[in-house]
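Each chain, letter by letter, is given below.
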Amino acid sequence: ATAVAKGPLSSTRSQFAGAGNQDYGYLGGGGPGITIVDRIDYSNDTATATPKGPLSYGSRCNSAVGNPHYGYWGAMKNPSSGAQSTIDRVDYSSDTSTSVLKGPLSTTRYESSATGNYDYGWFGGGGDPIMSTVDRLDYSNDSTLVLTRGPLSTVAIRPGATGNASCGYFAGGNRGPDGLRTTIDRIDYSNDTATAPARS
């Protein structure tokens, strides 16, 4: 069926990312440099999303991942200082508090994508410069430098990402001068130091 319009968000924005758990969805950041984290209540999704957070600073082109307890926003672009390596953590049990800085990623980047499972999150691809790097965030030790894993089979900015408990998939994206890509890369979480094999 045609998707049903819900929401709306608390403000207009673009280039932001979302994470959540079984009860709520959190949409954080966005252009031109928004710090708001909007919370969507799945049990009342026709209401205007409630501003929470905020993130530690205004950002856009970010990516997000998390587990039932926390959401992590990283690989951001700040309007005044450019690409960032910082990661913001939102505690769902205290979501009105300012997010806490964690990480950082192994390098500055933006326009990445992220996916993960209960224990880890993987940030892949991104720009400034365009890269194939994959960083793994350990939720149980999230204040340390994120470990570099992967990489993807090719460089990519703005790939899409999804996954399950065992594997993550990074699909499509832009390779810069080489143009758009149709490749789907699969990261096996149990062997995430290997180059992600291209699938389908």
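Read on for an overview of the structure. As the structure is a computational prediction, the values presented were derived from the model and not from experiment. (Residues numbered from 1 in each chain as written. Predicted model: local features only at pLDDT ≥ 70, side-chain atom pairs only at ≥ 80, totals over all residues. Heavy atoms only, no water.)

## Brief notes about the overall build of the protein chain
Alright, step 1. Helix and strand counts for the protein chain come out as zero helices and 18 strands.
Alright, step 2. Computed over the C-alpha atoms, the radius of gyration of the protein chain is 16 Å, within 12% of the 16 Å expected from 2.2 N^0.38 for a compact globule of 200 residues.
Alright, step 3. Taken along its principal axes, the extent of the C-alpha atoms in the protein chain is 45 × 45 × 35 Å.
Alright, step 4. Of all 200 residues assigned to the protein chain, the portion counted as buried reaches 46%. (Helix = DSSP H or I, 4+ residues; strand = E, 2+ residues; numbered from the N terminus. Rg over C-alpha atoms; globule rule 2.2 N^0.38 Å. Buried < 20%, exposed > 50% of the residue type's maximum accessible area, 1.4 Å probe, protein only.)

## Comments concerning the nonpolar core
Alright, step 1. With 11 residues, the main nonpolar core is built from Ala 17, Ala 19, Tyr 26, Val 37, Leu 55, Tyr 57, Ala 64, Trp 73, Met 76, Val 90 and Tyr 92.
Alright, step 2. Sequence-distant contacts of Ala 19, defined by excluding residues within four places in its chain, comprise Gly 25, Tyr 26, Ala 64, Val 65, Gly 71, Trp 73 and Tyr 92.
Alright, step 3. Judged by nonpolar contacts, the second largest core, of 10 residues, contains Ala 75, Ile 87, Ala 114 and Leu 137. (Core = buried A, V, L, I, M, F, W, Y, C linked by side-chain atoms within 4.5 Å. Contact = heavy atoms within 4.5 Å.)

## Some thoughts on the sheet that holds strand E10 (residues 100-102)
Alright, step 1. Ordered by their spatial adjacency, four strands build an open sheet running E5-E6-E9-E10, and the pairing between neighbours is antiparallel. If you trace the sheet from one side to the other, it starts and ends with strand E5 (63-66) and E10, each paired once. Across the sheet, the axes of successive neighbouring strands diverge by a mean angle of 30°, strand direction being ignored.
Alright, step 2. Judged from the three bridges that link them, strand E9 (residues 87-91) and E10 form a sheet pairing that is antiparallel. Note that in E10 the partner of Arg 89 across the bridge is Val 100. (Pairing = 2+ DSSP bridges. Axes fitted to C-alpha atoms, helices over the stretch in contact; angles between N-to-C directions.)

## Let's talk about the packing of aromatic side chains
Alright, step 1. If you walk through the whole model with that rule in mind, you get six aromatic pairs.
Alright, step 2. Between the aromatic rings of Tyr 70 and Tyr 72, the centroid separation amounts to 6.5 Å while the plane-to-plane angle is 50°, which identifies the pairing as tilted.
Alright, step 3. Here Tyr 70 falls in the partly exposed class, since its relative accessible area comes to 24%.
Alright, step 4. Taken together, a centroid distance of 5.0 Å and an interplanar angle of 5° make the contact between Tyr 72 and Tyr 139 stacked. On the criterion of sequence distance, the pair formed by Tyr 72 in strand E6 (residues 70-74) and Tyr 139 in the loop between strand E13 (134-138) and strand E14 (147-149) is long-range, its members being 67 residues apart.
Alright, step 5. Look at Tyr 139 and you get buried, because its relative accessible area is 9%.
Alright, step 6. By the ring-pair criterion, three or more aromatic residues cluster together here, those being Tyr 24, Tyr 26 and Tyr 92.
Alright, step 7. Directly above the ring of Tyr 120 sits Arg 136, whose terminal nitrogen or CZ lies 4.5 Å from the centroid. (Phe/Tyr/Trp six-rings, centres within 6.5 Å; stacked < 30°, edge-to-face > 60°. Lys NZ or Arg CZ within 6 Å of the ring centre and 35° of its normal.)

## Brief notes about the side chain of Thr 115
Alright, step 1. Tracing the backbone through its elements, the reader meets Thr 115 in strand E11 (residues 113-116).
Alright, step 2. At a separation of 3.4 Å, a polar atom in the side chain of Thr 115 contacts the main-chain carbonyl oxygen of Thr 162. (Polar contact = N/O pair within 3.5 Å; in protein donor to acceptor, adjacent residues only side chain to side chain.)

## Focus: the side chain of Ser 99
Alright, step 1. Within the element layout of this structure, Ser 99 appears in the loop between E9 and E10.
Alright, step 2. Ser 99 gets classed as buried once you look at its relative accessible area, which sits at 8%.
Alright, step 3. Contact partners of Ser 99, with chain neighbours within four places excluded, come to Pro 54, Leu 55, Ser 56, Asp 88, Arg 89 and Val 90.

## Let's talk about the pattern of salt bridges
Alright, step 1. Per the counting criterion, the structure on display carries 11 salt bridges.
Alright, step 2. The residue Lys 6 makes a salt bridge to Asp 45 at a minimum N-O spacing of 3.5 Å. Linking Lys 6 in the segment before strand E1 (17-20) with Asp 45 in the loop between strand E3 (37-41) and strand E4 (50-52), this pair joins segments that are 39 residues apart in sequence.
Alright, step 3. Taking relative accessible area as the criterion, Lys 6 reaches 44% and is therefore assigned partly exposed.
Alright, step 4. Where Arg 89 meets Asp 142, a salt bridge forms, and the shortest distance between an N and an O atom there is 3.0 Å. Placement of Arg 89 in strand E9 and of Asp 142 in the loop between E13 and E14 is noted, with a sequence separation of 53 residues between them.
Alright, step 5. Exposure remark for Asp 142: the relative accessible area of 6% places this residue in the buried category.
Alright, step 6. A single salt-bridge network, built from bridges that share partners, covers Arg 39, Lys 52 and Asp 95. (Salt bridge = Lys/Arg side-chain N within 4 Å of Asp/Glu carboxyl O.)

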